[in-house]
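Chains, contacts and geometry: an overview
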Amino acid sequence: MTTSRLEQARRLQAVAQTGLHYARDPFDIQRYQEIAAIAHAQLAELTGAATTEQITQLFIPEKGYANPKLDVRTAVFRDDRILLVRELSDGYWTLPGGWADVGSTPAQIAAREVLEEAGFVVRISRFMKLIDMHQHAHPPEPFHIWKLIFQGEILSEGQPDGIETDGVGFFALDDLPPLSLQRILPEQIARLFELRASGGVDFD
């Protein structure tokens, strides 16, 4: 039931945002602002991560037609282990990656994030997996997020910039560190190992 209500709140926010982008009549603008306020209150309640005011501030930069946010990650393997980085923001581990940037291709973003967060120069060899995060058991999140995961092959090694991460390591599937569940789930990493072996691509 919580997931259903959360999805409804996200949809209300999207309708309000898109409506405010196109509305010209002052009464329509007022109605969409009211819908946004209702959505923000619901998102605050359902995620439990912020107050209504904080959720409102979070969505202030979101203008125009509402779309899912795009998170780009890279799976880098060394023998039977996968590369993970520890996030400074929460102290937990995940695949290197982050939000998609305007002006760069997804593959460029994937390679750049590995260099910045893990210190490895990689060649992006293929696309592996698309994850619609609200279809998985991630903690509640106000945004609707799609996650693109690419596979990268190490070309050389350097130093991470240390801005967003403070740990780098390769981990076996049966010895994963505490994961940042907001970003990646154990079963998703297990699926990446399977896709690596099969050469397949996943969409879910």
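Here, the structure is the one placed above.
Keep in mind that what you see is a predicted model, and the values were worked out from it rather than measured.

So, how was this worked out
- Residues numbered from 1 in each chain as written.
- Predicted model: local features only at pLDDT ≥ 70, side-chain atom pairs only at ≥ 80, totals over all residues.
- Heavy atoms only, no water.
- Helix = DSSP H or I, 4+ residues; strand = E, 2+ residues; numbered from the N terminus.
- Buried < 20%, exposed > 50% of the residue type's maximum accessible area, 1.4 Å probe, protein only.
- Contact = heavy atoms within 4.5 Å.
- Areas by Shrake-Rupley, 256 points an atom, 1.4 Å probe, with all protein chains shown as cover.
- Lys, Arg positive; Asp, Glu negative; His and termini not counted.
- Charge placed at Lys NZ, Arg CZ, Asp CG, Glu CD.
- Polar contact = N/O pair within 3.5 Å; in protein donor to acceptor, adjacent residues only side chain to side chain.
- Axes fitted to C-alpha atoms, helices over the stretch in contact; angles between N-to-C directions.
- Left-handed = near helix turned anticlockwise from the far one by under 90°.
- Nonpolar A, V, L, I, M, F, W, Y, C, P; charged D, E, K, R; others polar.
- Patch = residues over 30% accessible without salt bridge, like charges linked within 9 Å, V, L, I, M, F, W, Y side chains within 5 Å.
- Salt bridge = Lys/Arg side-chain N within 4 Å of Asp/Glu carboxyl O.
- Phe/Tyr/Trp six-rings, centres within 6.5 Å; stacked < 30°, edge-to-face > 60°.
- Pairing = 2+ DSSP bridges.

Glancing now at the overall build of the protein chain. Looking only at helices and strands, the protein chain features five helices and eight strands. For the protein chain, the succession of helices and strands along the chain, N to C, is α-α-α-β-β-β-β-α-β-β-β-α-β. Oriented by its inertia axes, the alpha-carbon framework of the protein chain measures out at about 60 × 35 × 30 Å. In the protein chain, buried positions account for 40% of the 204 residues. Sequence-distant contacts in the protein chain: of pairs separated by 6 or more residues, those separated by 24 or more amount to 73%. Approximately 10800 Å² of the protein chain is accessible, and the part contributed by carbon and sulfur atoms is 54%. In the protein chain, 19 positive and 29 negative side-chain charges are present, and the distance between their average locations comes to 4 Å.

Inspection of the secondary structure assignment puts Gln135 in the loop between strand E5 (120–132) and strand E6 (145–157). Among the residues examined, Gln135 registers a relative accessible area of 53% and is labelled exposed. For the pair Gln135 and Asp204, spaced 69 residues apart in sequence, the C-alpha to C-alpha distance is 7.4 Å. There is a polar contact of 3.2 Å between the side chain of Gln135 and the side chain of His134.

As a further point, take the packing of helix H2 (residues 26–47) against helix H3 (residues 52–59). For the pair H2 and H3, the least separation of the axes is 8 Å and the interaxial angle reads 115 degrees. H3 is crossed by H2, and the crossing has right-handed handedness. Residue-level contacts link His40, Ala41, Leu43 and Ala44 of H2 to Thr52, Ile55, Thr56 and Phe59 of H3. Partitioned by chemical class, the residues of the contact of H2 with H3 number five nonpolar, three polar and no charged.

This part is about a nonpolar patch on the surface. A contiguous nonpolar patch, built from Leu115, Val121 and Leu155 and spanning about 250 Å² of accessible area, is present on the exposed surface. Considering the arrangement of structural elements, one finds Val121 in strand E5. Since its relative accessible area comes to 35%, Val121 is described here as partly exposed.

Enumeration according to the criterion identifies six aromatic pairs in this entry. Between the aromatic rings of Phe59 and Phe143, the centroid separation amounts to 4.7 Å while the plane-to-plane angle is 45 degrees, which identifies the pairing as tilted. Taken together, the positions of Phe59 in helix H3 and Phe143 in the loop between E5 and E6 put the pair 84 residues apart, joining distant regions of the chain. We classify Phe143 as buried; its relative accessible area is 11%. Aromatic side chains Phe127 and Phe150 sit 5.4 Å apart centroid to centroid with 70 degrees between the ring planes, which places their arrangement in the edge-to-face category.

Strand E1 (residues 69–78) sits mainly inside the fold: seven of its 10 residues count as buried. The pairing of E1 with E6 spans eight bridges and is parallel. The partner of Asp71 across the bridge, within E6, is Lys147. Strand direction decides the pairing type here: E1 and strand E4 (residues 97–99), joined by three bridges, are antiparallel.

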